[in-house]
Structure formats: C-alpha cells, structure tokens
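# A look at the structure
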Amino acid sequence: MRRAPRTRSTLLTAAATLTAAASLFLSPRGVQRPLRNAVLDVVAPGQAWALSRYDSCRQLILARYARLTSGARTSSTTIAPETESRLSALEQACRRLRLENARLRDELSLAEKYGVSPVPGNLQPLPELPTVVRAAMIGAGARAFAVEQLLGAGRGQGLAESDVVVDESGPCLDQGSEAGLEPELDVLIGRCVVGRIASVGRWSATLEPITDPRYRGLAQIVRPSDQGGSFGAEGILIGQGSELLKLAEVPTTQSVRVGDEVYTSDRDRRFPIPLYYGRVVRVEEAGRSWDISVRPAVRLSDLKTVAVLKLGRRAGKMLAE
Amino acid sequence: MKLFFAVMLVLAALLLAPVMDQALGDFAFRPNLQLAPLAVCVSLCPGPAAVIGCGLLGLILDCLAGPQLGARAAGFCLLAALGSIAVGRRADSWPARVAGWMTILFVAELLSRIVASASLGMPFRPAAALNAALSATSTTIFVSCLWLAGSTLSRLPRLARSNRRFAPAIGRAGN
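Residues numbered from 1 in each chain as written. Chains lettered and ligands numbered in written order. Predicted model: local features only at pLDDT ≥ 70, side-chain atom pairs only at ≥ 80, totals over all residues. Heavy atoms only, no water.

### A few points about the overall build of chain A
For chain A, the helix and strand inventory stands at five helices and 12 strands. Here chain A holds 321 residues, and the buried ones make up 34% of them. Looking at chain A alone, contacts between residues at least 24 apart form 63% of all its contacts between residues at least 6 apart. Surface accessibility of chain A: about 20,000 Å² in total, with carbon and sulfur atoms responsible for 56%. (Helix = DSSP H or I, 4+ residues; strand = E, 2+ residues; numbered from the N terminus. Buried < 20%, exposed > 50% of the residue type's maximum accessible area, 1.4 Å probe, protein only. Contact = heavy atoms within 4.5 Å. Areas by Shrake-Rupley, 256 points an atom, 1.4 Å probe, with all protein chains shown as cover.)

Right, dumping it as structure tokens:
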C-alpha cells in the first residue's frame, strides 16, 4: 500500500535532481569551475591523506616482513620512516645552504678581484614571476583506457589527434594546453628537476624525463666542502635512457669528484634559482674531458604529482634572447 | 541508521578509491570503489534518499574526472530511481539482490565510460563494454562480501541471545 507514494516521491526527486543536473550541464564554464574547485578542495586532500597513510603502512609492513624473513638483527641498521624523512629534510636544507654559500663565495671572490663598487647598482626590474601548474602523473589504468579508446578511433571519425596525447614511451600528465602548458616547459618537484614537457594535447601532456636520451640541459657542479660549497665546472647534462645521467663537456683541467652535486646552470636562464639534478657517482678520464655519471635526485616511479614551471612573458623573452 | 551507514560508506569509498587503484592498478579485474556506493545506497535506503545520494556521488565524480559537470549526476540519479523502484517490487533474496547490484553497476560503468569518451571527443568502443562488465562483476563481488560481513555483524548479538536458551542444556550434558 505504501509502494505507490514512495514510487511517486522517488520519481519526483529524480525529476528534480535531473533538472538540476541538466541545468548544471548547460551552465557556462564560469559557473561550473567554482563548484568543481570546491569539490576538489574537499575530496583531494582526503584522498592524498589516505594514499600517504597507505604508502607508509605498506613500507612499514614490507620492512617488518623483510626483517622477519632475513632473520638477522637489523634493528640497529634499519632507519625508521620518521628518521628517514627528517634526514631527507636536513639534506635538503644542507643543499640549500651550500648553494647560498657557493653564491656568496663567488660574489666575494669577484669583489676581492675587482673591488666593491662605490655606487650601489640600479636594481633591474624583476621579470614577471614564473607561475606553476600542478599536474598529476596519469596512472597505468587510466592510460590503458585512453590507449584502448584511441586505437579504435580514426581520423574519419572526427578524432583530432592533438586532443589527447598518449605516447607509450613517455609518462603522461593530466594537464594540457587548456591549463596553459606548452612544449619545452620545465617540470619540477620541489627544488629538483624532473624533466620537461615533450608534447601537449588539450587535456594531457607527455613528459620527457631527465633520463630520456633526448634530454639536454646546461648544468653546473657544486662542490661540498668543510666551509660550505663552491661552484665548479659547467657541462651538458644528457639523459641516457638508463637510471644514470651523463655530464659531458667538462674538461679534465677542472676538478670533479664523486659526491659533487649537479645543479641547473645560471647561464641557462631557464630557472629563477638553481635547481637540483643529482649527485656525481662515477668519474673517469676520457681523453680531454671527464666521463661523469650522475644519479638523478628524482625517481619518476615515486612521483604522483609534479609542478610545471610557466615563465612569465618577460622571463620568456629573456630566455629567447 | 541506514542513511548514516550509507553516507559513511560513500565517504569511505571516495577516500579509498585511489588506494585501491594503486594497490590493484595492474589488474583489470578490480572493484571500482567509486561506483560501489551506488549499489549500497539503492539497497540500504531506496527511494528519494538514494536518488539524491547517487546524484551527489555523480556530481563528485564529474568534478573529479571531467571538464563538464552534470552528465554523471543525471545518469546516476536516474539509475538510482529505477533501481529503487525495482528493489521495492522484488523479493529480498540473495540472487535477486546480487543481480540487481550487477545490473546497476554495469549500467553505471557503461554510463561513466560513455561520458569519459564523449568528454574526450572519442567514439565509444565495444571493447570498453567488456571492461565495464569485468569491473561491474568484481565490484558486485566486493559489495556482496561487504553486505555479508555487515549482516553477519549485525546478527551477532541476536545469535548470542538465541544461544542462551541452550546454556542450561549444555550444562546438564556436562554433568
């Protein structure tokens, strides 16, 4: 007996909800965007928190399992996750201070050589500050779906090939030209270089990581020392398609040693501040220049989100010059 | 109480969906936690509550996935309305319930994939329907296990009370 009123109320609610959804669907982007941002602001942090909890629990369980299976007393040698994150934070702070120290040392040596200018120099107007676009790495499942969809679609069916970029060889990002991405923009995580944008579709882009054989970048060595750090030789960082990078064009007259840090070069002018590439792990003499292997600071498999650096117009003009 | 459970399940499913994707990302046969609340809502609180809940879930998924909002919200609320009416008409048996969940989840998967294809400007391919069926099957198994565990837990106090009648007899048998 109660079924008919409930069916009627269900249908009425469905009609009202359908009307609301249809009006939302037809509403302009300006109306949809704040709502979408609000929902993302509520849901995304929760999902990120759940993922981080999952990762830390998984690592803890794996570490305990490894300890159980090995049977050895490794409690003194294993590092707790909190200690590891603290160590990593200290290492980052140390790198930043070393870089600042190297810059100041450079300025001091110039001042000692040429003297300090009696007139304070005019500050150049700062170029427009670069902006950053956050992008998520597209997972294997989503990419497989996109590939599957793309394979069946042809030009005759109205598919514009620039709408979605699905390059099997490179990792994908979930932002494209709609978010202002362009090819050749640099991709970072924190103060470390991840790579650069290879190609851009409307809603996605492919990433060319620094380990890619096509990657080239001007790099500078910073040598850690007891007094801080000092700038060393410059060279060209080349991806090799393996886990190590190659630092080329560093003459044997320059001193390089294992443990030196490799940063982006100031002369490159792509970055507002020097960013970290990685650490020198092998140095061998090869004719007139060193054969240097660099281990990148970033492992692509560890990343879930990255930042794409968009240069301002004036900074872009400076780069073009 | 049922509404509270439904809301909690929706929230938990939304939070844990990326975790499931990361843990079982390599398998095609994995439950879609984002759509599982549809079946749970329709079974727990059929009627207007399920329609509004599923519409909101669709809107959240629209916000998470695509540039255009409203498509999933409309599809899911319509699906919930039809599901609620069907739930009221059928007997509350396990096979009927599982078949209902399977149908709802399969249609929701199809809708979701059609909306994704349309927003990317691509045609919908039949192979995607097979994947939708696989995903719906695994999600149905997941929801069934969840339902079974929930109903067992809710019956535990009643089972304990009914076992008290046998306590004197068990005591006498011991003597």
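### So, the pairing of strand S3 (residues 186–189) of chain A
Residues and elements named next belong to chain A. Relative to strand S4 (residues 192–200), S3 is paired through four bridges, and the arrangement is antiparallel. Residue pairing across strands places Leu 188 opposite Val 193, the latter belonging to S4. Between S3 and S4, which pair antiparallel and follow one another directly, the connecting turn spans two residues, one of which, Gly 190, has a positive phi of 65°. Note: S3 against strand S12 (residues 305–310), three bridges, orientation antiparallel. Across the sheet, Val 187 pairs through a bridge with Val 308, a residue of S12. (Pairing = 2+ DSSP bridges.)

### A word on helix H3 (residues 48–65) of chain B
With 18 residues, H3 of chain B extends 25 Å from end C-alpha to end C-alpha; this agrees with the ideal 26 Å at 1.5 Å per step. Where H3 of chain B is concerned, the buried positions are Ala 50, Val 51, Cys 54, Gly 55, Leu 57, Gly 58, Leu 59, Leu 61, Asp 62 and Cys 63 of chain B. (Expected span 1.5 Å × (residues − 1).)

### Description of the nonpolar core
Residues and elements named next belong to chain B. Counting residues in each nonpolar core, the largest one holds 30 residues, and the members touching the most others are Leu 35, Leu 38 and Phe 76. Mapped onto this core, the elements with two or more residues apiece are helix H1 (2–23), helix H2 (36–44), H3, helix H4 (71–89), helix H5 (94–120) and helix H6 (126–163). Ranked by residues supplied to this core, first place goes to H2 with seven residues. Not counting residues within four places of it along the chain, the set of residues in contact with Phe 76 comprises Leu 35, Leu 38, Cys 54, Gly 58, Leu 61, Ala 108 and Leu 111. (Core = buried A, V, L, I, M, F, W, Y, C linked by side-chain atoms within 4.5 Å.)

### Comments concerning unusual backbone geometry
Residue and element names in this part refer to chain A. Within the chain, Glu 184 stands out as a residue other than glycine whose phi angle is a positive 80°. Here Glu 184 lies in the loop between strand S2 (172–173) and S3. What makes Glu 184 partly exposed here is its relative accessible area of 47%. Within the chain, Glu 249 stands out as a residue other than glycine whose phi angle is a positive 65°. In this fold, Glu 249 is placed in the loop between strand S8 (245–248) and strand S9 (261–264).

### A short note on the confidence of the model for chain A
Caution applies to low-pLDDT parts of the model: their predicted coordinates are not meant to be read in detail. Chain-level pLDDT for chain A is 75 on average; 75% of the residues reach the 70-or-more range. The low-confidence segment residues 147–168 of chain A, where pLDDT is below 50, has 44 contacts with residues more than four positions distant or belonging to other chains. (pLDDT = per-residue confidence, 0-100.)

### Description of the environment of Phe 106 of chain B
Residues and elements named next belong to chain B. On the secondary structure map, Phe 106 appears in helix H5. Look at Phe 106 and you get partly exposed, because its relative accessible area is 26%. On a C-alpha basis, the gap between Phe 106 and Leu 35 in space is 9.7 Å, while along the polypeptide they are 71 residues apart. Here Phe 106 is in contact with Ala 129, Ala 132, Ala 133 and Ala 136, once residues within four sequence places are set aside.

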